[in-house]
Amino acid sequence: MRDVVRFCVVVGFLLAGGGSVWAFGGPSEEELVGVITPQELQVAPYQTWYSRQTADYDVDKITAGDLQALMTGVEVTIVMGTWCHDSQRQVPRFYKVMQTAGISLDRVRMLAVDQDFTTPDKAEKGLGITNTPTFIFSQDGVEINRIVESPVESLEKDMRAILTRAPYRHSKMDDVED
């Protein structure tokens, strides 16, 4: 009988929206949505994964050294989800690469989306987001290329390929010939 009561209490809690992001598809209190800054990811409850990924990632300093000059006139839009494990891994690493390369974060705009890949003000509209995180590199308002979900080689090597306009196919592109 106790098990039945516990089950009913748990189901009732979940149906009432008791903290489950998936109960009704809306954002939880711990889910950031909209334009955010890296500083917002460095406080509870996000700092655990942000700090761990920053500390654990070894940036290839030689490759990162090439990036500063290549980033001239380039802007990056990051679309990520605080609920997404790939975003939790790649976004802190990206900022560590930028810091190591000495690149100003003024060139980076970060959008946090909900699990439907949307923001309240539709800032993601027209960006073609299918996976998170997505790092979109643009110059003069024109997209150069993007890293989707995870890099093919490493963030800094993929960034160098994109910024030098080398042939680059992100990890989610179909394996069909152009």
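All values derive from a computational prediction rather than experimental measurement.

Asks: I would appreciate a short explanation of the packing of aromatic side chains in the present structure.
Replies: Any pair of aromatic rings gets described here by the distance separating the centres and the angle formed by the planes. Tallied over the full model, the rule gives five aromatic pairs. Ring centres of Trp49 and Tyr50 lie 6.4 Å apart, and the angle between their planes is 50°; this geometry places the pair in the tilted category. For Tyr50, a relative accessible area of 8% translates into the label buried. With centroids separated by 5.5 Å and ring planes inclined at 80°, the aromatic side chains of Phe94 and Tyr95 adopt a geometry described as edge-to-face. Both residues of the pair, Phe94 and Tyr95, belong to the buried class. One aromatic cluster is present, built from ring pairs that chain together Tyr46, Trp49 and Tyr50.

Asks: Help me understand the confidence of the model for the chain, please; the structure alone is not making it clear to me.
Replies: Predicted coordinates in regions of low pLDDT should not be interpreted in detail. Looking at the chain, the pLDDT average stands at 85 and 81% of residues meet or exceed 70. Residue range residues 1-27 is modelled with pLDDT below 50. Its contacts to residues more than four positions away, or to other chains, number 14 contacts.

Asks: Help me out: how do you make sense of helix α5 (residues 155-163) in this one?
Replies: One turn of an α-helix holds 3.6 residues; hence residues three or four places apart share an orientation. Judged by how many residues are buried, α5 sits mostly within the fold: seven of nine residues are covered. Taken together, the buried positions of α5 are occupied by Leu155, Glu156, Asp158, Met159, Ala161, Ile162 and Leu163. The inward-facing, buried residues of α5 abut α3 (61-70), β2 (74-80), α4 (85-101), β4 (134-139) and β5 (142-148).

Cut-off values and rules
- Residues numbered from 1 in each chain as written.
- Predicted model: local features only at pLDDT ≥ 70, side-chain atom pairs only at ≥ 80, totals over all residues.
- Heavy atoms only, no water.
- Phe/Tyr/Trp six-rings, centres within 6.5 Å; stacked < 30°, edge-to-face > 60°.
- Buried < 20%, exposed > 50% of the residue type's maximum accessible area, 1.4 Å probe, protein only.
- pLDDT = per-residue confidence, 0-100.
- Contact = heavy atoms within 4.5 Å.
- Helix = DSSP H or I, 4+ residues; strand = E, 2+ residues; numbered from the N terminus.

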